[in-house]
Amino acid sequence: MRPVPALCSVVIPVYGNEASLGELIVELESLHQDLRRPLEVVFVVDASPDNSLRTLRERLPRASFQSQLLLHARNFGSFAAIRTGLAVARGQLIGVMAADLQEPASLMREFFVTLEAGHDVVYGVRAERNDPALSSLSSRAFWGIYKRLILPELPDGGVDIFGVSRSARDALLSLPERNSSLVAQLFWIGFSRAPVAYTRRVRPYGKSAWTLRKKLKYLSDSIYGFSDLPIRALTHVGVAAMVLAVLTGIVVLIGRLTGHIGVEGYAPVILSIIFFGGLNAFGLGIIGQYVWRAFENTKARPLSIVSHHSEWPGSLVS
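For clarity, every value in this text was computed on a predicted model and none was experimentally measured.

## Some remarks on the overall build of the chain
Then, in step 1: The helix and strand inventory of the chain stands at ten helices and eight strands.
Then, in step 2: Counting every position in the chain, which comprises 318 residues, the buried fraction comes to 43%.
Then, in step 3: Restricting the contact set of the chain to residue pairs at least 6 apart, pairs at least 24 apart contribute 83%.

Structural data, given as structure tokens:
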């Protein structure tokens, strides 16, 4: 008897994707046929304000693949939604993709083949991208900074989609850190990794929720969570401040001896107060960021809360 093929799972966070869900499900059904093995798709609706939940409730019972549908009690963010999906996925091989159709669902097949070949982590690398010029430029700049400051092994263009074996999934879920970086965690856990090149498609519906504000927050979380850059920067600034203070003292001493200082001590006192006051505030801000993050993690609150969970077996036998 031939062994039963391992179940494959695809995790998809959903927020504001009502318009693209119909085409996405068609692509996933095509993927199911190409795989010739059981496929499970886990949709996690991150309290989306549109009709994404209703659309999925209507379409999934008729889909050929097995499916799970989870709803977050409020918006916890896409990374929390991915973690929620990973936690309930039953597959031995698990892929993660977006619901905006910019990455083809067929790419998951390549992910599963690569994972089955012996790798534990696979990630998509953009060989080409068809985004608008401004969006492409800002994304390259963001991931370039991210790679330089935080994760040198990150591929150019960053990572949007990935796949993991069950053991790598378990390792990833064992890191319950708040305000962290899922991509950085993916590389931090180690395991055997492999890239898969693909062409990023033009977004057919809506606009990306990956705003500049969210990028800056993500960059900040990653810096504090996976780099000692803030502490090193504060140390360098402190050394520079001491050097400047010594130089200022020398200038004041020379001015005092040569009689060029009219009001004794006024200028250096004011400059010292302003400079070291700002330096202290800067240092307290950095220390406060670390204290706040440590405090958030000590609360041990769940990273997300699921308010609804449904599942369907699929309408066709694989």
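## Comments concerning a nonpolar patch on the surface
Then, in step 1: Nonpolar side chains collect at one region of the surface, where Leu247, Ile250 and Ile254 lie side by side and expose about 270 Å² of accessible area between them.
Then, in step 2: As for its position among the elements, Ile250 is in helix α9 (residues 229–258).
Then, in step 3: Relative accessible area serves as the criterion here: at 43%, Ile250 is assigned to the partly exposed category.

## So, the pairing of strand β4 (residues 93–96)
Then, in step 1: Alternating positions in β4 separate into two faces, Leu93 and Gly95 on one and Ile94 and Val96 on the other, with burial throughout.
Then, in step 2: As paired strands, strand β1 (residues 8–14) and β4 are joined by four bridges and run parallel to one another. Residue Ser9 lies in a different strand from β4, and its bridge partner there is Ile94.
Then, in step 3: As defined by bridge partners, β4 adjoins strand β6 (residues 162–165) across four bridges and the pair is classed as antiparallel. Looking at the pairing, Val96 lines up with Phe162 of β6.

## Quick word on the side chain of Arg169
Then, in step 1: Relative to the elements of secondary structure, Arg169 occurs in helix α6 (residues 166–173).
Then, in step 2: Given the relative accessible area of 5%, Arg169 is considered buried.
Then, in step 3: Excluding anything up to four places from it in sequence, Arg169 contacts Leu86, Ala87, Ala89, Ile94 and Val164.

## With respect to the nonpolar core
Then, in step 1: Counting 36 residues, the largest nonpolar core has Ile12 and Phe43 as its most contacted members.
Then, in step 2: Of all the elements in the fold, those that place two or more residues in this core are β1, α1 (21–35), β2 (39–45), α2 (52–59), β3 (66–72), α4 (107–116) and β7 (193–200).
Then, in step 3: Broken down by element, this core gets its largest block of residues, six residues, from α1.
Then, in step 4: Setting aside residues no more than four positions away along its own chain, Phe43 makes contact with Ile12, Val14, Leu24, Ile25, Leu28, Leu56, Leu60, Phe65, Gln68, Leu69 and Leu70.

## Description of the environment of Ala80
Then, in step 1: For Ala80, the location among the structural elements is in helix α3 (residues 78–88).
Then, in step 2: Along the primary structure Ala80 and Arg178 are separated by 98 residues, whereas in three dimensions their C-alpha atoms are 9.5 Å apart.

## Focus: the packing of α3 against α6
When two helices pack together, their arrangement is captured by the angle between the axes and the distance separating the axes.
Then, in step 1: Relative orientation of the contacting elements α3 and α6 amounts to 130°, with a least axis distance of 10 Å. Considering their axes alone, α3 and α6 lie oblique with respect to each other. The hand of the α3/α6 crossing is left-handed. Mapping the contact onto sequence places Arg83, Leu86 and Ala87 in α3 and Arg169, Leu172 and Leu173 in α6.

## Quick look at α1
Then, in step 1: Taking 1.5 Å of rise per residue, the 15 residues of α1 would be expected to cover 21 Å, and the 21 Å separating its terminal C-alpha atoms lies within 8% of that figure.
Then, in step 2: The complete set of buried residues in α1 reads Leu21, Gly22, Leu24, Ile25, Leu28, Leu31, His32 and Leu35.
Then, in step 3: Where α1 is buried, its residues meet β1, β2, α2 and α4.
Then, in step 4: Where α1 ends, the next residue or the one after it, Arg36, has phi of about 55°, a positive value.

Conventions used here
- Residues numbered from 1 in each chain as written.
- Predicted model: local features only at pLDDT ≥ 70, side-chain atom pairs only at ≥ 80, totals over all residues.
- Heavy atoms only, no water.
- Helix = DSSP H or I, 4+ residues; strand = E, 2+ residues; numbered from the N terminus.
- Buried < 20%, exposed > 50% of the residue type's maximum accessible area, 1.4 Å probe, protein only.
- Contact = heavy atoms within 4.5 Å.
- Patch = residues over 30% accessible without salt bridge, like charges linked within 9 Å, V, L, I, M, F, W, Y side chains within 5 Å.
- Areas by Shrake-Rupley, 256 points an atom, 1.4 Å probe, with all protein chains shown as cover.
- Salt bridge = Lys/Arg side-chain N within 4 Å of Asp/Glu carboxyl O.
- Pairing = 2+ DSSP bridges.
- Core = buried A, V, L, I, M, F, W, Y, C linked by side-chain atoms within 4.5 Å.
- Axes fitted to C-alpha atoms, helices over the stretch in contact; angles between N-to-C directions.
- Parallel < 35°, antiparallel > 145°, perpendicular 65-115°, else oblique.
- Left-handed = near helix turned anticlockwise from the far one by under 90°.
- Expected span 1.5 Å × (residues − 1).

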